[in-house]
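Examining the three-dimensional arrangement
Chain by chain, the residues:
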Amino acid sequence: MVIAAESSGGGGSFLVTLLPLILLFAVMYFLMIRPQQRRRREAQQLQAQLAPGDEVVTIGGLYGTIVDTDDETVTLEISPGVHTRYARPAIARVVAKAETEEEEEYEEEAEQPAEADDVAARVVDRGKAKD
């Protein structure tokens, strides 16, 4: 009878000794593995979106402008007329994205005053001149 009591108590202690190990793996997952997966996903997304005209920095700290891209490599212009070729994973970050034609047209429209604003400004100027 004493043997049966000891065997049932041993099962509970096994779970208690295993619990810290399970908690350790859970903490490692949330503090180390999960953030690393997120960073890898962001890096792959950045490398997939590289386009000619983007200003980038390599993992070595070299600044350049993308001239050409293909599946595996990126060609950078690091100085006027000086082109170098790098593997896509060597691009650490994008400093400035290349402007598309749509963005350039939108900026030009924003810089030019609208015709109604121009007419309103002339009316105000005439009113001040009469005073």
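To keep things clear, this report deals only with the structure shown in the data block.

1. Quick word on the environment of valine 74
By the element assignment, valine 74 lies in strand β3 (residues 73–79). Along the chain, valine 74 and proline 52 lie 22 residues apart, while their C-alpha atoms are 9.0 Å from each other. Setting aside anything within four residues of it in sequence, one finds valine 74 in contact with Leu50, Ile66, Asp68, Thr69, Thr84, Arg85, Tyr86 and Arg88.

2. A word on the pattern of salt bridges
The tally for this structure, following the rule as stated, stands at two salt bridges. With its nearest N and O atoms 3.4 Å apart, the salt bridge here joins glutamate 42 to arginine 38. Residue glutamate 42 and its partner arginine 38 are located together in helix α1 (residues 2–48), separated by four residues, close to a single helical turn. For aspartate 54, the salt bridge goes to lysine 97, with nearest N and O atoms at 3.4 Å. With aspartate 54 in the loop between α1 and β1 (55–58) and lysine 97 in the loop between β5 (91–96) and α2 (101–111), this residue pair connects regions lying 43 residues apart in the sequence.

3. Digging into the sheet that holds β1
Strand order across the open sheet formed by five strands is β4-β3-β2-β1-β5, with antiparallel pairing between neighbours. Among the strands making up the open sheet, the edge pair consists of β4 (82–87) and β5. Between one strand axis and the next, the sheet turns through 45° on average, direction left out of account. With six bridges connecting them, β3 and β4 associate as antiparallel partners. Residue pairing for β4: valine 74 is matched across the bridge by tyrosine 86.

Procedures and definitions
Residues numbered from 1 in each chain as written. Predicted model: local features only at pLDDT ≥ 70, side-chain atom pairs only at ≥ 80, totals over all residues. Heavy atoms only, no water. Helix = DSSP H or I, 4+ residues; strand = E, 2+ residues; numbered from the N terminus. Contact = heavy atoms within 4.5 Å. Salt bridge = Lys/Arg side-chain N within 4 Å of Asp/Glu carboxyl O. Pairing = 2+ DSSP bridges. Axes fitted to C-alpha atoms, helices over the stretch in contact; angles between N-to-C directions.

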